[in-house]
Amino acid sequence: MAELNIGATAWRRVEVGRVLRLENGSLAAIVEIIDHKRALVDGPSSNEKLTTPRGEVSFANTLLTPIVIDKLPRGARTGTVKKAWEAAGVDAKWAATNWAKKQDKQEKRQALTDFDRFKVMRLKKQRRFEERKALAKIKSSA
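Keep in mind that what you see is a predicted model, and the values were worked out from it rather than measured. (Residues numbered from 1 in each chain as written. Predicted model: local features only at pLDDT ≥ 70, side-chain atom pairs only at ≥ 80, totals over all residues. Heavy atoms only, no water.)

### Digging into the packing of aromatic side chains
- Under the defined criterion, the tally for this structure stands at 2 aromatic pairs.
- Seen from their ring centres, W94 and W99 are 5.4 Å apart, and the 55° between their planes marks the pair as tilted.
- Here the aromatic rings of F115 and F118 are separated by 6.2 Å at their centres, their planes lie at 20°, and the arrangement is stacked. Linking F115 with F118, this pair stays in helix α4 (residues 114-141), spanning 3 residues, or about one helical turn. (Phe/Tyr/Trp six-rings, centres within 6.5 Å; stacked < 30°, edge-to-face > 60°. Helix = DSSP H or I, 4+ residues; strand = E, 2+ residues; numbered from the N terminus.)

Structure follows, in structure tokens:
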């Protein structure tokens, strides 16, 4: 007889302690689930851009991240959430994600001046020239 292994799915679930990314780019942890559309969140991040004041948010305006703060009690106050946030190292985990890196890259590009964009273009041209020169050298030797 064949053996059947049934395992749990690895979906991101709405749960207390799950870290969310809000529309404005900040992070918050679910403290209490109000109903199937809303939750009470708190985001005591050490990074000023990622901080979210305690409040109610709609799930339609959020994205679930893979980061979870384990054993965060339901309805925890801001001080408790902040201690758990720091203990879980949420800011470091977020900074290590490709999501955060991409967001930082986009912000840097948006902050460039016209002259900075020109310098980037020149550097890309130089890099492309060096790559083609190396490729031509390899082709000629082969």
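### Observations concerning the pairing of strand β1 (residues 18-22)
- The element β1 is largely enclosed, with a buried count of 5 among its 5 residues.
- Burial along β1 is two-sided: R18, L20 and L22 facing one way and V19 and R21 facing the other are all buried.
- When β1 meets strand β5 (residues 62-68), the two strands line up antiparallel, connected through 4 bridges. Each bridged residue has a counterpart across the sheet, and for L22 the counterpart in β5 is T62.
- Judged from the 3 bridges that link them, β1 and strand β2 (residues 27-33) form a sheet pairing that is antiparallel. (Buried < 20%, exposed > 50% of the residue type's maximum accessible area, 1.4 Å probe, protein only. Pairing = 2+ DSSP bridges.)

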